Amino acid sequence: DEADRSARARAAERAMTRDGVEIEVAANVGSLDDLAPAIEAGADGVGLFRTEFLFLDRDQAPTEDEQEAAYRAAAEALDGRPMLVRTLDAGADKPLPYLGEPAEPNPFLGVRGLRLGLLRPDVLDVQLRALVRVAADHPLRVMFPMVATLDELRAAHAAVDRAVNAIADAGRRVPERLEVGAMIEVPSAALAADRLAPEVDFLSIGTNDLSQYVLAADRGNERVASLADALDPTVLELIRRTADAAGVARIWAGVCGELAGDALAAPLLIGLGVRELSMSAPAIPHVKQAVRETDLDSADALAAEALSLSSAAEVRDLLRTHAV
């Protein structure tokens with residue numbers, strides 16, 4: 001239809017609200033093959049580069065050189081656009097047998113994401129050194145998944161410092177400054193966002209995991225999956241808290257979960273204080289168009305109303321009414 005054609009025609013343009021606030025609209029990428037479609041769809045950059053593809057379907061972890069080659073190829077394909085790389089998010093539903101980690105009775109509350117990285121510095125440090133090597137030449141940001149406490153975040157920062165020092169000691173160039181951020185997927189991280197924000201360059205909210213943890217509903221269990229709805233007002237409240245904390249710390253807050261790719265939700269997220277949205281490539285033109293049709297005052301009012309409602313269904317109805 002006409003709206004679809006118009007959105008696609010303008011996909012490569014930046015997304016500005018009616019009152020001139022720029023929202024970065026980026027792509028979630030799970031392999032090097034995802035980059036060309038993301039650029040074609042108008043992505044301003046990559047807001048979530050999942051690195052698991054390098055570690056799966058093999059019998060040992062990729063080397064520092066292998067990882068550097070992959071990250072460099074991605075950065076070069078993006079041609080100066082920013083690339084936000086999530087460190088290995090294995091464990092839970094993505095086990096890596098060659099790491100020899102024991103099976104866990106409740107893996108979603110077990111050793112996954114950053115927890116695995118901190119327990120296995122042999123894996124995390126190699127990945128961070130590869131990322132530092134590429135960040136010397138390209139706008140690469142590093143993000144840690146599954147941060148639950150400030151202590152974990154500080155340990156992650158120490159690992160970044162180790163990697164930078166190791167690359168410098170080897171006589172190679174290092175970035176003047178490496179942007180580091182935390183994923184907000186665990187309720188404790190959202191509740192502690194005011195303490196995390198001053199120690200990072202950005203916060204990126206993973207609404208899929210945040211929803212399942214807030215509502216104690218396994219996304220993979222079809223009997224309860226519908227409960228894990230990112231539009232539930234309790235989840236929206238944690239998004240608002242995170243974005244508020246980012247604003248106070250003068251950093252940005254983004255969303256990289258499925259909610260970011262829902263054009264109906266774009267005004268709501270902007271009203272909650274989110275300034276970066278990352279999604280699968282096909283959603284990009286439509287979300288950019290939704291941003292262009294939004295102004296901050298109406299977005300703020302929409303967010304306030306959504307937070308006053310009592311269910312995800314009510315919020316969804318509100319968004320549909322607002323879009324008409």
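It should be noted that the structure appears before, not after, this text.
Report follows, based on the coordinates. If you're wondering where the values come from, they're calculated on a predicted model, not measured in any experiment.

Criteria and cut-off values
- Residues numbered from 1 in each chain as written.
- Predicted model: local features only at pLDDT ≥ 70, side-chain atom pairs only at ≥ 80, totals over all residues.
- Heavy atoms only, no water.
- Axes fitted to C-alpha atoms, helices over the stretch in contact; angles between N-to-C directions.
- Helix = DSSP H or I, 4+ residues; strand = E, 2+ residues; numbered from the N terminus.
- Parallel < 35°, antiparallel > 145°, perpendicular 65-115°, else oblique.
- Left-handed = near helix turned anticlockwise from the far one by under 90°.
- Contact = heavy atoms within 4.5 Å.
- Salt bridge = Lys/Arg side-chain N within 4 Å of Asp/Glu carboxyl O.
- Core = buried A, V, L, I, M, F, W, Y, C linked by side-chain atoms within 4.5 Å.
- Buried < 20%, exposed > 50% of the residue type's maximum accessible area, 1.4 Å probe, protein only.

1. Overview of the packing of helix H13 (residues 296-307) against helix H14 (residues 312-323)
Inference 1: Packing of H13 against H14 brings their axes to within 10 Å, and their N-to-C directions diverge by 155°. The angle between the axes of H13 and H14 places the two elements in the roughly antiparallel class. Along this stretch, H13 crosses H14, giving a crossing that reads as right-handed. Contact residues: H13 offers Ser 298, Leu 302, Glu 305 and Ala 306, while H14 offers Val 315, Leu 318, Leu 319 and His 322.

2. A short note on the pattern of salt bridges
Inference 1: A complete count under the given rule lists 31 salt bridges for this structure.
Inference 2: Between Glu 152 and Arg 115 there is a salt bridge; the shortest N-O distance is 4.0 Å. In this pair, Glu 152 sits in helix H6 (residues 150-169) while Arg 115 sits in helix H4 (residues 114-119), placing the two residues 37 residues apart along the sequence.
Inference 3: Three or more residues are tied together by salt bridges with common partners; here these are Glu 64, Asp 65, Glu 68, Arg 72, Arg 129, Arg 133, Asp 137, Arg 172 and Arg 173.

3. Brief notes about the nonpolar core
Inference 1: Residues Met 83, Phe 144 and Leu 268 are the most contacted members of the largest nonpolar core, which totals 95 residues.
Inference 2: The biggest single contributor to this core is helix H5 (residues 121-135), with eight residues.
Inference 3: Those residues in contact with Leu 268, other than ones at most four positions away along the chain, are Leu 231, Leu 236, Leu 302, Ala 303, Ala 306, Val 315 and Leu 319.
Inference 4: Leu 84, Met 143, Met 183 and Trp 252 belong to the second-largest nonpolar core, a separate cluster that totals seven residues.

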